Amino acid sequence: MDANESTPIAVHNPRARKLRSLVWNDFTKERKADGSYVAVCNHCKKQLTASSRSGTTHLKNHLVICTSTKRIKRKKLVVRRFVLKSSDAKSEGVLSSDHSQFDQEASRQDLARMVILHGYPFNIVHHVGFRTFVRNLQPLFKLVSADVVKADCMKMYENERLRLHEVLDRLHSRVSLNVDVWRSNEDVEYACVSCHYVDNDWRLKKKILNFAHVGCPEKEQEISKIILEKLQEWNIDGKLCSIVLDNCSTSDLVASELLGSLRMKGFLISNGDLFYARSCGHLLNLVVQKGLESACEIIDRVRACVQNVKSSQDRLARFQKDAEQMGIPQKPLVLDAPASWPSTYFMLETACQYQEAFKNLVENDVENTCFLSPKDWSDVRAIVGCLQVLYNDATVKFSAAGVPTANLFFRDMCGIHLLLKSWCSSPQLFVASMAKEMLEKFEQYWDLTRTPMAIASVLDPRYKMKPVEYFFNRIYDDASEAKTKIDNVRDSFVNQYNEYIGQSANSSKNQASYGGNSSSYDGADHGNGAECKSSRITLSDTQRGLDQYLKEMSSGHPARSDLDMYLEEAVHPSKSLDDNFDILAWWKYNAAKYPALSMMARDILAIPISVVPLDSEARSLNHYLSATDAVIVECLICAQDWIGDETEVNALALVSSAASFEGHGDECLLPADGD
């Protein structure tokens, strides 16, 4: 210690003047060896002058910046908030126990929910910044280890799984599945099995049931085995209506395996005639990619022109300057991802706007070998015209559907069919050639999807059979072929209806309205997956058909079936083609009028044929999940989907994107909308 420095000595002087300022609650006045006085901060132990002439302002200023004081005040503030909440609760007649005491267990559950919901790594609890934040926010909370957080997350997954299991057990309708194949950074494959259904309150629901690791080289057998196992685990193998396999490279083989197994058990409606479907979004992707393949030579040349400009900052600057002088609207050049046709469309569309700038660049840059003739640019514009219709009028519309029930896009797909046929007759040979390739691909897959989409359209009370009749008569040049296609849809619809008549008769044989006045409607119980609800029948249910029976007996004529009534009555009036009509609300309201048909509507409308599939890049796990054990990955993604439904968070939008996170290369998962 420095010789000039002296140690303060606390002394008691009975004749000393009493310290009146409240600031002295945070300071101790001490006398130094030389007789002078200092004020020692009780929190940080810093010494400040305490002479009678210095006053206390400097002491108050010190308390403002003293970090130790801030921590004490924060603790006091927490306690004060508890007290205020407690008093408020008492004044409102509410029990104050929830407000006045801290719940460590509830806070641990909140932490686990946060980790699941936002995809944070388990060891976030070891990050210095997070620990400081939690300590300052709630000093009473005892931070747990990463292993404990993981265990809490697994427990939350299990609780949510049991809850969803109960929901599916109580479900009165059938369910449909959508299976996507995802990949990790190490090219490990996962089968994402999603369940689509209309719940007992007539709301369309989608839940991820499993995110299962696919490890077998014979992928089609492994995926079909996984699906069958998961159906049994969830006890919905007898409730399956349809399955959509869009992103599986062996989807036909997988569907065949599943169909054979489920047919043997008699679980499928109409012996599985509508079991396997493709989504209209996937069908559109296949068709457009086929067209682009036929035009790949000229598209590659446009891509080379764009790459040439963007590869040099100097060349790009000269290109933009030339474009500005020509009065071309300033838009950034787009370089596409060939696997995503919308990005190719944007590239071609933007390149066409810069046609003159590309021409000028070639004339003034001897090193530039990329050149398109006026005829080439005319062909590119023709491609853009076709893609523009398919993107703006189809893809955007498919993605914008708020409640994507299966009835929505039959008319649009028929419109695309007509467009392709008209393009085949285009005077531009380039367009005609491309359209023929696209039409061939469209009709190949449309045959598989046409019937379920048409049946869903018939269940739309605004249209019923009218769109089927109108479009088929225009699509098929041969009148007899058109009639055959229309009759096939009608027969399939009736056959499906007869299945539901059998189910409803099995559960309540006295409901006269389930009968029918046509001999073609077989009311026999076919026994395919009938869901008996006899345990739920009430006294009023036994008398439900009495009024209808009285009418039948008094008139001397059998009652019409709800199918007869539905098809014979006028269509439901609509203000426009896109009037935000709530088809599920309509069927809920009219379920008593059309009992068997409403059961059919609940199942068919939930088939995910309107879903727009994610591209391959979007179906890739980020670095954090790619390095995580497969069992943990499934628990996190499924739990994220289940609890995210409460907060309107899309789980699959979280798992495919990553942002850097503090420490050790960990990553957090962020929603696509930047939440």
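Residues numbered from 1 in each chain as written. Predicted model: local features only at pLDDT ≥ 70, side-chain atom pairs only at ≥ 80, totals over all residues. Heavy atoms only, no water.

### What to know about the sheet that holds strand 2 (residues 37-41)
Okay, so step 1: Here we have three strands laid out as an open sheet, ordered 1-2-3, and antiparallel in their pairing. This sheet does not close on itself; its edge strands, each paired only once, are strand 1 (27-31) and strand 3 (47-49). On average, each strand axis in the sheet is inclined to that of its neighbour by 35°, with strand direction left out of account.
Okay, so step 2: For strand 2 and strand 3, the ladder comprises three bridges, and the chain directions are antiparallel. When the sheet's bridge partners are listed, valine 40 is paired in strand 3 with glutamine 47.
Okay, so step 3: Taken strand by strand, helix 1 (residues 57-65) contacts strand 1, strand 2 and strand 3, and its axis lies near 150° from that of strand 3. (Pairing = 2+ DSSP bridges. Helix = DSSP H or I, 4+ residues; strand = E, 2+ residues; numbered from the N terminus. Axes fitted to C-alpha atoms, helices over the stretch in contact; angles between N-to-C directions. Contact = heavy atoms within 4.5 Å.)

### Some details on the packing of helix 15 (residues 410-423) against helix 17 (residues 466-475)
Okay, so step 1: Look at helix 15 against helix 17: their axes get within 10 Å of each other, and the N-to-C directions meet at 10°. Our classification of the angle between helix 15 and helix 17 gives roughly parallel. Within the contact between the two elements, helix 15 uses Phe410, Arg411, Cys414, Gly415, His417, Leu418 and Lys421 and helix 17 uses Pro467, Val468, Phe471, Phe472, Arg474 and Ile475.
Okay, so step 2: Its residues assigned to classes, the contact of helix 15 with helix 17 comprises eight nonpolar, two polar and three charged. (Parallel < 35°, antiparallel > 145°, perpendicular 65-115°, else oblique. Nonpolar A, V, L, I, M, F, W, Y, C, P; charged D, E, K, R; others polar.)

### What about the confidence of the model for the chain?
Okay, so step 1: Per-residue confidence for the chain gives a mean pLDDT of 79; residues scoring 70 or more make up 76%.
Okay, so step 2: Across residues 74-99 the pLDDT falls below 50, and counting only partners more than four positions away or on other chains, this stretch makes 17 contacts in the model.
Okay, so step 3: For the stretch residues 508-535, pLDDT sits under 50, and the model shows 67 contacts to residues farther than four places along the chain or on other chains. (pLDDT = per-residue confidence, 0-100.)

### What about a negative patch on the surface?
Okay, so step 1: There is a patch of like negative charges on the surface, built from Glu293, Glu437, Glu440, Glu443, Asp478 and Glu481.
Okay, so step 2: For glutamate 440, the location among the structural elements is in helix 16 (residues 429-458).
Okay, so step 3: The exposed category is assigned to glutamate 440, whose relative accessible area is 58%. (Patch = residues over 30% accessible without salt bridge, like charges linked within 9 Å, V, L, I, M, F, W, Y side chains within 5 Å. Areas by Shrake-Rupley, 256 points an atom, 1.4 Å probe, with all protein chains shown as cover. Salt bridge = Lys/Arg side-chain N within 4 Å of Asp/Glu carboxyl O. Lys, Arg positive; Asp, Glu negative; His and termini not counted. Charge placed at Lys NZ, Arg CZ, Asp CG, Glu CD. Buried < 20%, exposed > 50% of the residue type's maximum accessible area, 1.4 Å probe, protein only.)

### Looking at helix 11 (residues 313-325)
Okay, so step 1: With 13 residues, helix 11 should cover 18 Å at 1.5 Å per step; its first-to-last C-alpha distance of 18 Å lies within 8% of that length.
Okay, so step 2: Among the residues of helix 11, Arg315, Leu316, Phe319, Asp322 and Ala323 are the ones counted as buried. Buried residues along helix 11 cover an arc of 130° about the axis, so they all sit on one side. Residues Gln313, Asp314, Lys321, Glu324 and Gln325 are exposed on helix 11 and point more than 90 degrees away from its buried face.
Okay, so step 3: On the buried face of helix 11, the contacting elements are helix 10 (296-310) and helix 13 (355-364). (Expected span 1.5 Å × (residues − 1). Arc of directions from axis to C-beta.)

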